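Close look at the chain arrangement
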Amino acid sequence: MENLGLLADGLAAALTPMNLLYAAVGVLLGTFVGVLPGIGPAMAIALLLPVTFGLEPTQAFIMFAGLYYGGMYGGSTTSILLNTPGESASVMTALEGNLMARAGRGAQALATAAVGSFVAGTIGTLLVAMFAPALADVAVEIGAPSYFALMVLALVMTATVLGASPLRGLLSLFVGLTIGLVGLDLNTGQPRLTFGVTQLVDRLDIVVVAVGIFAVGEALWVAAHLRRKPARVVPVGQPWLGRNDLRRSWRPWLRGTAYGFPFGALPAGGAELPTFLSYVTERRLAKRATLKGRGTGAGPGGDEFGKGAIEGVAGPEAANNASAAGMLVPMLALGLPVTATASVMLSALQGYGIQPGPQLMTEHADMVWTLLASLLIGNVLLLVLNLPLAPLWARLLRIPRPQLYAGILFFACLGAYATNLDPFDIALLLVFGLLGMAMRRFGLPVLPLILGVILGPLMETKLREALTISGGDPAILWSEPLAIAIYVVLLLVLVTRPLLSRWRSRTESRIVAEAHEAEAVTEGAQR
Amino acid sequence: MTTDETSPADGWVVVAWTPDEFGDAALEHGIAWAREGGRGVAVVNGTRGDALVDERFAAPAGLADLAERLRGTGLPHVVRQEMGRDVAEQVLDVAAELDARLVVVGLRHRSPVGKLLMGSVAQRILLTATCPVLAVKPGGRTA
């Protein structure tokens, strides 16, 4: 309960007018970038990195926290109204949400997404406050070999388990690790991969890499596919929830949270799997309830799945936000980012000269608690701002892409130049932009690359540390019980992965096929 | 895309149409002019396709209503949906292709700043068309 006291102190520190303002700015910006497909919170934070160098770390993180939650919520709006999920985590929301919107229940879909995000985000943040310090206490004791094993686990899991193709994931990961090698070797002082360019000796600036891959890469990719047939947006009014909707939503919210948080907290997080599991669970439960309740008039949900069931929006949306909160546990307690957004936030932390890791909780305790408190505040702001503003957010979708991406490119160049005031960085930005575009072209996931760039150097430090202790004997890497346990887990995951992905893709394609069928039926009925 | 290209006796009237009151005003006048001269009505609905959502690009339901209305007139008619760099250009391309006698556009109010930012399709049609252009506003008298 001591943690709750600390959280209350954090709340008091976060509740200054200035901090509230930053939280509000973050939430609004986050929703803005979340609503627009292709632009996520990771890109927004990367673009904001240079701007925040003028801020206190606490304020910057309050803004980032708002941005992160806002982005998660904004994605659901696009999924529901447009059937264009902005990110992989919203795919499941789009399934039932868009069907609901077409059936004239868009307002309820938006409302259950917003309230579900709020519930899951709040519970998730409280769980972070409980678990992160405990984990950090344990983590301080972890030796270099185990730490190295943890990072290997995180990298391999994100590269192989999450994406569609392990080969592409690993390819992307190794490109990232290579980028992370550029610069002076901290142990021997030798320049690596610098090709005689003096600016490269200083290591690559993470801002330039992240902005190049996320922002410039995306802008070039969009420019190559500028004209697309406009999608149809479903008109929607003020979101609201009826008593019946609320009754059907609250259990999926809680179940979604229960799925999302642990998956987010695992060293290979991501919200795809929990949102998927939540969707499947809600579907199955609703079907069973209908079978049982037939004749008694109870449980209307089962028949509605595939036609726009509110449970299918409430569950995945809660899971999505809970995993967003869960990802803060490894980030704060271990210094291990598991999502693109987390890794960019971590690099912001490094920009302030704060070393991420277990000591963060003790050395910068006030900042961490203020951050957690501001997440709670950001969540409330999100609900207060977004319920009334939903029709306005839908209008954002009419922004022409040339204007939008011109703005993004401008801020990208400004940011890259501002890091060192050196035009060389703009050239680098362009190189990474081309790399980012090529990755999108060839279907390489971006996340393993960014994680490789950020975790690579940390991993190297731990590896060198371990090898120095052992005098160069690699056996030290599996000398600790924890390290061995992690490698065993990794092995198990790699073995079961093909089975898991086969089950998932089979279920997913069945669900999508059924949704299409239902769609054809409703459209036929409208004729 | 509806095609009913029984070639009219006296050429085509091209209507720059959007699914709103401006497009409807243009269509109304276009049909009236076509009736008088034994012409056909060619309806063009264009988009730049560079925004995620373009409300002026008709959905299938809107196109069905449009086709219904055109069939009701008994005139020869064509409906084209185009996507390209410039909506004015799309309208004028169709006009050139069909050797149109008249182009009808609906005028919408644009502030000077709005015109600077977004341009004006109607203005570009007026300035570059090689045939007569009829510019109409909603709520006005019919011809």
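Scroll up for the structure.
Below: a short report on this structure. As the structure is a prediction and not an experimental result, all values here were calculated from the model. (Residues numbered from 1 in each chain as written. Chains lettered and ligands numbered in written order. Predicted model: local features only at pLDDT ≥ 70, side-chain atom pairs only at ≥ 80, totals over all residues.)

**A word on the overall build of chain B**
- From N to C terminus, chain B includes 5 helices and 6 strands.
- The linear arrangement of helices and strands in chain B, starting from the amino end, is β-β-α-β-α-β-α-β-α-α-β.
- In chain B, buried positions account for 40% of the 143 residues. (Helix = DSSP H or I, 4+ residues; strand = E, 2+ residues; numbered from the N terminus. Buried ≥ 20, exposed ≤ 12 C-beta atoms within 10 Å, placed from the backbone.)

**Brief notes about the overall build of chain A**
- What chain A contains, in helices and strands, is 21 helices and 2 strands.
- Since a compact globule built from 527 residues should have a radius of gyration of about 24 Å, the 23 Å found for chain A is in line with a globular shape.
- With respect to the principal axes defined by its C-alpha atoms, chain A has extents near 75 × 50 × 50 Å.
- Burial analysis of chain A (527 residues in total) assigns 55% to the buried set. (Rg over C-alpha atoms; globule rule 2.2 N^0.38 Å.)

**Quick look at the packing of helix H5 (residues 91-139) of chain A against helix H17 (residues 365-395) of chain A**
Residue and element names in this part refer to chain A.
- One can describe the packing of H5 onto H17 by two numbers: an axis separation of 9 Å at closest approach and a directional angle of 175°. With respect to their mutual orientation, H5 and H17 come out roughly antiparallel. Along its contact with H5, which presents Leu 110, Ala 111, Ala 114, Val 115, Ser 117, Phe 118, Gly 121, Thr 122, Thr 125, Val 128 and Ala 129, the element H17 presents Leu 372, Leu 375, Leu 376, Asn 379, Leu 382, Leu 383, Asn 386, Leu 387 and Ala 390.
- A class-by-class count of the residues in the contact of H5 with H17 yields 14 nonpolar, 6 polar and no charged. (Axes fitted to C-alpha atoms, helices over the stretch in contact; angles between N-to-C directions. Parallel < 35°, antiparallel > 145°, perpendicular 65-115°, else oblique. Contact = placed C-beta atoms within 7 Å. Nonpolar A, V, L, I, M, F, W, Y, C, P; charged D, E, K, R; others polar.)

**Let's talk about the interface of chain B and chain A**
- Listed as interface residues are 11 residues of chain B and, on the opposing side, 16 residues of chain A.
- Among the residues making up the side of chain B that touches chain A, the classes are represented as 6 nonpolar, 2 polar and 3 charged.

**Side note on the nonpolar core**
- Counting residues in hydrophobic clusters, the biggest one holds 174 residues, and the most contacted among them are Ala46(A) and Val211(A).
- The greatest single-element share of this core, amounting to 24 residues, is contributed by H5(A).
- Listed in part, the 38 residues of the second largest apolar core include Ala42(B), Val44(B), Ala100(B) and Leu102(B). (Core = buried A, V, L, I, M, F, W, Y, C linked by C-beta atoms within 7 Å.)

**What to know about the environment of Pro252(A)**
- By the element assignment, Pro252(A) lies in helix H10 (residues 243-265).
- Not counting chain neighbours up to four residues away, the residues in contact with Pro252(A) comprise Glu282(A), Glu311(A), Ala314(A), Gly315(A) and Ala318(A).

**Re unusual backbone geometry**
Residue and element names in this part refer to chain A.
- The residue Leu 193 is not glycine, and still its phi comes out positive at about 50°.
- Along the chain, Leu 193 turns up in the loop between strand S2 (191-192) and helix H8 (198-201).
- The backbone of Arg 203 sits at a positive phi, close to 70°, despite the residue not being glycine.
- By the secondary structure assignment, Arg 203 is in the loop between H8 and helix H9 (206-224).
- The partly exposed category is assigned to Arg 203, around which 16 C-beta atoms lie within 10 Å.

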